[in-house]
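Okay, here's what each chain looks like letter by letter:
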Amino acid sequence: MTLRPNNPGKELRSRYAWLGAAFVAGLLLLTFRLYRLQVTHGAEYAQKSEANFIKPIPIPADRGMIMDANGRILVDNRPSFDAFVTPAFCSRCEDHVLPQLAEWLDWDEEELARMQALVKAKGKTSERFQRVPVRVDLTRDEMDLLLSHQRDLEGLDVEPVPHRSYRAGTVLSHVLGYMNEITQVELEQKVPGRPEYHLGDYVGRRGIERALEEYLRGKDGLRREVVDAHGRVFKGLAQQLGMDTIKPEAGLDVVTTLDYRLQETAEKAFPGVAGAVVVVDVRTGSILAVVSRPGFDPNVLSGRVSAKELAELNKDPLTPLIFRGTQNHFSPGSTFKVVTALAALQSRHFRPSTTVNCSGGYKLGSRRWRCHKESGHGGVDLRRALQVSCDTWFYRVADVLGINPIAKVGRELGLGAPTGLGVVADISGIMPDEAYHARATPGGYYKGHSLNTAIGQGDVNVTPLQLAMVYAALGNGGKVYQPQLVKRVEAQDGTVVKTFEPKLLRELAVPAALRKVVVDGLVAVVNEPGGTAYSQRIKGLEVAGKTGTAQVKKLGDVRLKTEQMDYWSRDHAWFAAFAPSKDPEIAVVVLNEHGGHGGTDAAPTAMAVFKRYFELKGEPPPVGREPVERIALKLPPRPPPPPVRKRPEPRPAKKPAARAEKAAP
Amino acid sequence: MRVGERGIAGRTPWILVISTLLVCALGIWNLSSASRPPAHPFWINQSIYLGVALVAGLLAAAVDYRHLRSLAIPIYLLNILALLALKKFGHTAKGAESWIALGPVRVQPAEFMKIGVILMMARFYDDDFRPEDDSYGFLRLLKPALLALVPAVLVLVQPDLGTFMMICLSALTVILFGRVRGGVWAVGIIGALAVAFVVWNDYVRDGGHPPKTIARHYLKKHQDGRIAGWLDPEADPRGTNYHAVQSRIAVGSGGLTGKGWRNGTQTGFSFLPERHTDFVFSVLAEEQGFVACVALLFLYGVLLLSILWVASHSRDRFGGFVAVGVASMLFWQIFENIGMVVGLLPVTGITLPLMSYGGSSLVSVMMGLGLVVNVGIRRSAY
């Protein structure tokens with residue numbers, strides 16, 4: 001081979017240097033970028049890589065129990081098995097795993113679509129490692145099915161989770177409350193001092209569960225598992241790598257003021273379809289028992305409740321979700337007369353001996369107000385007026401005083417304002433006065449309003465708890481307490497963390513001697529022949545009480561018997577009382593909605609409660625808290641896999657990966 | 001055949017050979033971690049391929065490259081034929097018809113096409129040399145451009161966008177090396193700006209609803225996703241951007257000294273895709289850290305510069321252009337592959353020379369390096 005002329009290639013000499021410089025510049029650019037990634041931001045990426053393969057699994061804390069005053073458990077926890085999907089590890093979620101779950105767990109298409117959308121949305125955010133609960137309370141069969149196919153269902157976990165157990169079912173449901181899953185909106189809210197929540201956590205929704213959430217909810221623990229990109233868990237590897245587990249802190253137990261034994265008696269004795277029974281300790285304002293009927297089952301509302309069931313509960317005309325103790329108000333009827341009586345005595349116009357002649361009604365202007373006894377009671381003083389519930393005497397008071405002095409005493413006793421119970425929402429009721437009528441009544445106030453109010457009709461409305469507090473104040477010498485449901489909060493070992501003391505709101509201005517006249521009247525109601533509740537008297541216990549039969553509908557000319565009216569037109573039957581009449585201990589209010597007459601349809605319940613209360617006083621009190629086995633949560637052993645249905649598998653390419661030299665194009 | 005006084009051993013560019021062998025050793029060691037149990041031990045296959053590749057490289061070094069000069073046209077045409085044959089006998093894998101099965105062995109003609117293009121371009125620049133007019137205008141560039149584009153387009157329709165880009169970029173480097181006129185520079189720069197504008201318009205600017213795009217809607221969905229992911233690294237980490245995100249996590253989490261051989265969690269727990277092929281560098285970065293990455297880049301640098309040293313000492317223009325072609329091919333593959341792994345460039349299916357698993361690529365790179373050694377051994381006496 002001959003050399004070519006002109007010394008070829010010499011002209012290229014300088015260009016090599018340029019090319020070499022360009023190559024070096026390229027490699028230096030890469031080096032710089034590597035420095036940024038590995039050295040400057042190395043720690044951040046190290047964290048991200050940990051987040052990749054370490055799956056944090058919250059260990060739910062034991063929620064505190066709710067007990068009655070004697071340590072009897074009203075609410076505790078039971079193990080339930082829930083199914084979760086972790087979007088990050090569920091690569092075939094939408095087209096395989098979820099449709100399969102839908103088939104096995106009987107989801108309708110709407111539910112499936114909802115789950116698919118949820119998992120898809122989570123999968124795109126940093127929350128893709130958080131478990132999405134897809135089913136709570138798996139049945140044994142469902143659990144076996146899921147566990148044996150877990151290999152095929154990438155990203156699915158079945159975990160034991162403590163669920164709430166409301167031991168008494170519907171009893172006390174409004175007061176205890178229920179729980180359900182925290183919503184997305186709530187999760188995103190930033191509330192300072194609030195315990196930490198995760199998707200799928202349950203929060204208290206009503207009553208004590210809601211009001212004492214911060215005490216009841218413990219602090220979740222955390223354990224870590226090592227997982228690969230397909231979500232396969234390497235059991236125990238995290239511990240080998242020295243990753244610690246954070247133990248959960250159990251929630252605190254709530255001790256209520258309730259006495260479940262008394263509650264049972266009240267539940268059993270209450271005859272009505274709808275209504276309430278409130279039992280309070282007049283010396284402290286503590287609620288000892290409270291019935292609100294109809295109720296709901298918190299176990300259902302806290303679990304797998306369907307939209308349809310919820311709608312039915314909401315649509316029920318008897319409003320089972322409303323707590324009748326504080327969340328609905330009613331005309332108090334004659335039970336209100338104690339307020340009118342106190343107002344009368346406080347004024348200088350009436351004395352205990354002031355006598356009014358009842359001829360079966362009272363004439364004001366051209367209109368005649370009827371007494372419930374058409375034939376009239378004849379001449380009655382205050383004591384007799386209370387005993388026989390003569391309306392005319394009170395009409396006279398209203399005629400002389402007007403409405404404002406009555407309203408003033410009513411408000412002093414706590415009517416027309418929320419009781420401040422706190423644990424359950426309460427409404428204010430209505431204590432009308434002139435200003436109220438000027439505002440709320442077309443045509444404004446006129447004297448007739450005060451006559452209606454004086455006998456507990458018209459616009460005056462009270463909640464059963466308000467009325468109970470009125471009678472408690474009457475019984476305890478004029479002290480108006482704030483009603484109270486929670487006594488204390490204590491740790492699992494019984495250490496008291498917080499005590500809720502009784503709270504005295506006001507003392508009544510009516511002198512004791514005058515109050516005694518009213519109490520005497522109430523004693524006569526029950527204990528003297530002719531009293532409206534005389535038939536219900538208890539031997540050996542002097543109960544002071546007042547019946548009430550509140551009209552729901554304006555009476556026509558013909559007086560119908562209770563059985564002749566349709567349910568919604570019937571009168572409310574009331575009985576409000578305290579005992580013993582000397583040095584009272586408890587007050588009881590019974591409201592039997594559309595139940596008929598106070599003396600026959602409400603008073604017996606109250607008497608049963610009184611009887612039981614004083615019986616229990618003779619028994620030695622149950623000592624300490626009920627022994628309880630705190631549940632231990634463990635998955636049952638994995639069932640053997642059922643025969644797998646043969647599915648045509650895609651034919652593997654010859655040595656699939658071995659020849660693959662390119663990434664997916 | 002005439003060899004200088006110092007003999008073959010004395011004229012062999014040992015720095016080039018040694019740095020190549022060091023990279024290969026590092027590559028196999030790294031592969032044995034990337035394909036640790038329970039994965040198939042690809043590093044054993046790769047060792048066998050390396051033996052084959054070394055033989056091929058020796059052959060490429062043995063025959064005097066000036067004979068190869070006369071063979072450039074047949075080699076080039078043969079490679080084109082092989083690419084055309086793919087259409088008929090091609091074996092499809094991962095959506096591309098890139099393989100031809102020859103009995104038990106499957107080869108990737110595109111890898112060998114690179115060598116064909118390098119030889120052909122060198123041949124052109126040697127033949128076309130005019131000492132009085134050393135710079136190329138549009139008309140004179142038509143031929144070399146076609147020589148590169150015809151095989152490149154054949155690769156593109158497989159479809160193998162990555163190799164297409166590699167051929168184009170290498171050919172462009174060779175063409176620039178062959179010196180072009182100012183007008184060509186101007187058009188080139190305007191063209192680059194236009195591409196930048198299109199990318200800005202289609203991906204960065206908020207173009208209203210529906211967005212007015214110039215070229216984006218012609219791209220395939222996965223290609224579109226990769227460009228979008230490249231420009232917005234945080235978007236869609238589970239979907240189109242998964243490779244890029246996981247690779248960056250692997251590289252970054254390696255830190256200064258790495259997690260240790262076979263201790264990489266991104267690799268071991270399968271978060272890193274394509275860990276023995278396209279993303280093999282991530283494995284090295286995660287397990288050996290910044291120090292080893294710099295060492296590898298240094299070895300590559302030494303390799304590239306020693307190729308250029310050989311080129312600058314070549315006996316003739318043909319030899320110089322062959323070496324420059326091989327260097328460009330290597331450089332762009334290294335730059336694009338590592339650039340993609342560290343998130344500087346969009347994800348394309350380019351392997352890392354001498355590090356990634358794959359027989360055809362290894363053999364073709366070794367053949368290219370063999371050619372360079374060939375040129376070095378037969379350099380002029382001075």
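Residues numbered from 1 in each chain as written. Chains lettered and ligands numbered in written order. Predicted model: local features only at pLDDT ≥ 70, side-chain atom pairs only at ≥ 80, totals over all residues.

## Considerations on the overall build of chain A
Then, in step 1: A tally of regular secondary structure across chain A gives 23 helices and 23 strands.
Then, in step 2: Within chain A, the proportion of its 665 residues that are buried is 44%.
Then, in step 3: Sequence separation of 24 or more characterises 75% of the internal contacts of chain A that already satisfy a separation of 6 or more. (Helix = DSSP H or I, 4+ residues; strand = E, 2+ residues; numbered from the N terminus. Buried ≥ 20, exposed ≤ 12 C-beta atoms within 10 Å, placed from the backbone. Contact = placed C-beta atoms within 7 Å.)

## Details of the overall build of chain B
Then, in step 1: What chain B contains, in helices and strands, is 14 helices and three strands.
Then, in step 2: The buried share of chain B, reckoned over its 382 residues, is 50%.
Then, in step 3: In chain B, 70% of the contacts between residues at least 6 apart in sequence involve partners at least 24 apart.

## Quick look at the packing of helix 3 (residues 42–62) of chain B against helix 14 (residues 359–377) of chain B
All names here are of chain B.
Then, in step 1: Interhelical geometry of helix 3 versus helix 14 gives an angle of 30 degrees and a closest axis separation of 7 Å. Taken together, the axes of helix 3 and helix 14 lie roughly parallel to each other. The handedness of the crossing between helix 3 and helix 14 is right-handed. Contact with helix 3, carried on its side by Y49, L50, V52, A53, L54, A56, G57, L58, L59, A60 and A61, involves G359, L362, V363, M366, M367, L369, G370, L371, V373, N374 and I377 of helix 14 and no other residues of that element.
Then, in step 2: Each residue belonging to the contact of helix 3 with helix 14 can be placed in one class, and the counts come to 18 nonpolar, four polar and no charged. (Axes fitted to C-alpha atoms, helices over the stretch in contact; angles between N-to-C directions. Parallel < 35°, antiparallel > 145°, perpendicular 65-115°, else oblique. Left-handed = near helix turned anticlockwise from the far one by under 90°. Nonpolar A, V, L, I, M, F, W, Y, C, P; charged D, E, K, R; others polar.)

## Some details on the confidence of the model for chain B
Then, in step 1: When pLDDT is averaged along chain B, the result is 88; 94% of the residues meet or exceed 70.
Then, in step 2: Two numbers describe this predicted complex: its pTM, 0.66, and its ipTM, 0.94. (pLDDT = per-residue confidence, 0-100.)

## Considerations on the pairing of strand 18 (residues 486–490) of chain A
Residue and element names in this part refer to chain A.
Then, in step 1: Of all five residues making up strand 18, four are buried, and the element is well covered by its neighbours.
Then, in step 2: Where strand 10 (residues 253–256) and strand 18 come together, four bridges link them in antiparallel fashion. Across the sheet, the residue bridging to V255 is R488, located in strand 18.
Then, in step 3: Note that strand 18 and strand 19 (residues 496–499) share three bridges and pair antiparallel. Bridge pairing in strand 19 links R488 to T499.
Then, in step 4: Between strand 18 and strand 19, which pair antiparallel and follow one another directly, the connecting turn spans five residues, one of which, G494, has a positive phi of 95 degrees. (Pairing = 2+ DSSP bridges.)

## Let's talk about the environment of F270(A)
Residue and element names in this part refer to chain A.
Then, in step 1: Looking at the element boundaries, F270 is found in the loop between helix 11 (260–269) and strand 11 (275–281).
Then, in step 2: Linking F270 and V590, residues 320 residues apart in sequence, is a C-alpha distance of 8.2 Å.
Then, in step 3: Excluding residues that lie within four positions of it along the chain, F270 makes contacts with G275, V277, V291, R293 and T605.

## Digging into the interface of chain A and chain B
Interface size is commonly expressed as the accessible area that is lost once the parts come together.
Then, in step 1: Residue-level contacts link 48 residues of chain A with 65 residues of chain B.
Then, in step 2: Of all elements in the fold, only helix 1 (13–40) and helix 2 (42–53) of chain A reach the threshold of two or more residues within the side of chain A that touches chain B.
Then, in step 3: If one sorts the elements of the side of chain A that touches chain B by residue count, helix 1 of chain A sits on top with 17 residues.
Then, in step 4: Of the residues assigned to the side of chain A that touches chain B, the class counts are 23 nonpolar, 12 polar and 13 charged.

## Notes on unusual backbone geometry
Then, in step 1: Cis geometry marks the peptide bond from A579(A) to P580(A), where omega comes out at -10 degrees.
Then, in step 2: Looking at the secondary structure, you find P580(A) in the loop between strand 22 (572–579) and strand 23 (586–592).
Then, in step 3: The step from Q158(B) to P159(B) runs through a cis peptide bond, and the omega angle for that step is 0 degrees.
Then, in step 4: The residue R179(B) is not glycine, and still its phi comes out positive at about 70 degrees.
Then, in step 5: Relative to the assigned elements, R179(B) resides in the loop between helix 7 (161–177) and helix 8 (182–204).
Then, in step 6: For R262(B), which is not glycine, the phi dihedral falls at a positive 65 degrees.

## Some thoughts on the sheet that holds strand 8 (residues 221–227) of chain A
Residue and element names in this part refer to chain A.
Then, in step 1: Taken together, the three strands give an open sheet; going across it, the order is 1-8-9, and neighbouring strands pair in antiparallel fashion. The outermost strands of the open sheet, each flanked by one partner alone, are strand 1 (54–59) and strand 9 (233–234).
Then, in step 2: Inspection of the sheet shows strand 8 paired to strand 9 by two bridges, in the antiparallel sense. Across the sheet, V227 pairs through a bridge with V233, a residue of strand 9.

## Here's the deal with the sheet that holds strand 22 of chain A
Residues and elements named next belong to chain A.
Then, in step 1: Across the sheet, which stays open at both edges, the five strands sit in the order 12-11-23-22-21 with antiparallel pairing between neighbours. Each edge of the open sheet carries a strand with a single partner, namely strand 12 (287–293) and strand 21 (544–550). Taken over all neighbouring pairs, the strand axes of this sheet differ in orientation by 5 degrees on average, direction set aside.
Then, in step 2: Examined bridge by bridge, strand 21 and strand 22 share seven bridges and lie antiparallel to one another.

## A look at the nonpolar core
Then, in step 1: Core analysis: the largest hydrophobic core is formed by 124 residues, its most contacted members being V279(A), V280(A), Y471(A), A577(A) and A587(A).
Then, in step 2: Sort the elements by how many residues they give to this core and helix 20 (residues 464–475) of chain A lands first, with nine residues.
Then, in step 3: Ignoring anything within four residues of it in the chain, the contact list for A587(A) reads V280(A), V282(A), A468(A), Y471(A), A472(A), G475(A), A577(A) and F578(A).
Then, in step 4: L19(A), L30(A), V23(B) and F177(B) belong to the second-largest nonpolar core, a separate cluster that totals 107 residues. (Core = buried A, V, L, I, M, F, W, Y, C linked by C-beta atoms within 7 Å.)

## Digging into helix 7 of chain B
Then, in step 1: The end-to-end C-alpha distance of helix 7 of chain B is 24 Å, a good match for the 24 Å that 17 residues give at a rise of 1.5 Å each.
Then, in step 2: Every buried residue of helix 7 of chain B is listed here: G162(B), T163(B), F164(B), M166(B), I167(B), S170(B), A171(B), T173(B), V174(B), I175(B) and F177(B).
Then, in step 3: Contacts from the buried residues of helix 7 of chain B go to helix 1 of chain A together with helix 5 (109–127), helix 6 (138–156) and helix 13 (317–341) of chain B.
Then, in step 4: Just past helix 7 of chain B, the residue R179(B) takes up positive phi, approximately 70 degrees. (Expected span 1.5 Å × (residues − 1).)

## Thoughts on helix 13 of chain B
All names here are of chain B.
Then, in step 1: Look at helix 13: 36 Å from first C-alpha to last across 25 residues, which is about the 36 Å you get at 1.5 Å a residue.
Then, in step 2: When you tally the buried positions in helix 13, you get 24 out of 25 residues, the bulk of the element.
Then, in step 3: G343 occupies a position one or two residues after helix 13 and carries a positive phi of about 85 degrees.

## Comments concerning the pairing of strand 3 (residues 73–85) of chain A
All names here are of chain A.
Then, in step 1: As paired elements, strand 2 (residues 66–67) and strand 3 share two bridges and run antiparallel to each other. Note that in strand 3 the partner of I66 across the bridge is V75.
Then, in step 2: Connecting strand 2 to the next strand, strand 3, in antiparallel fashion are five residues, including G71 with a positive phi near 90 degrees.
Then, in step 3: Note: strand 3 against strand 5 (residues 156–166), 11 bridges, orientation antiparallel. In the sheet register, N77 faces strand 5, and the bridge partner there is R164.
Then, in step 4: Relative to strand 4 (residues 132–135), strand 3 runs antiparallel, the two being bridged by three bridges.

## A closer look at the environment of C90(A)
All names here are of chain A.
Then, in step 1: The topology assignment puts C90 in the loop between strand 3 and helix 3 (93–105).
Then, in step 2: For C90, a count of 23 C-beta atoms within 10 Å gives the class buried.
Then, in step 3: The spacing of C90 and L153 is 63 residues in sequence and 8.0 Å in space, taken between C-alpha atoms.

## Focus: the packing of helix 14 (residues 337–346) of chain A against helix 17 (residues 404–412) of chain A
All names here are of chain A.
Then, in step 1: Taken N-terminus to C-terminus, the directions of helix 14 and helix 17 make an angle of 115 degrees; their axes are 8 Å apart at the nearest point. For the pair helix 14 and helix 17, the sense of crossing is right-handed. Within the contact between the two elements, helix 14 uses V339, T340, L342, A343 and Q346 and helix 17 uses P405, I406, V409 and G410.

## Description of the confidence of the model for chain A
Then, in step 1: When pLDDT is averaged across chain A, the result is 85; 90% of the residues are at 70 or more.
Then, in step 2: Below a pLDDT of 50 lies the segment residues 641–665 of chain A, which in the model reaches 34 contacts outside its immediate sequence neighbourhood of four places, other chains included.

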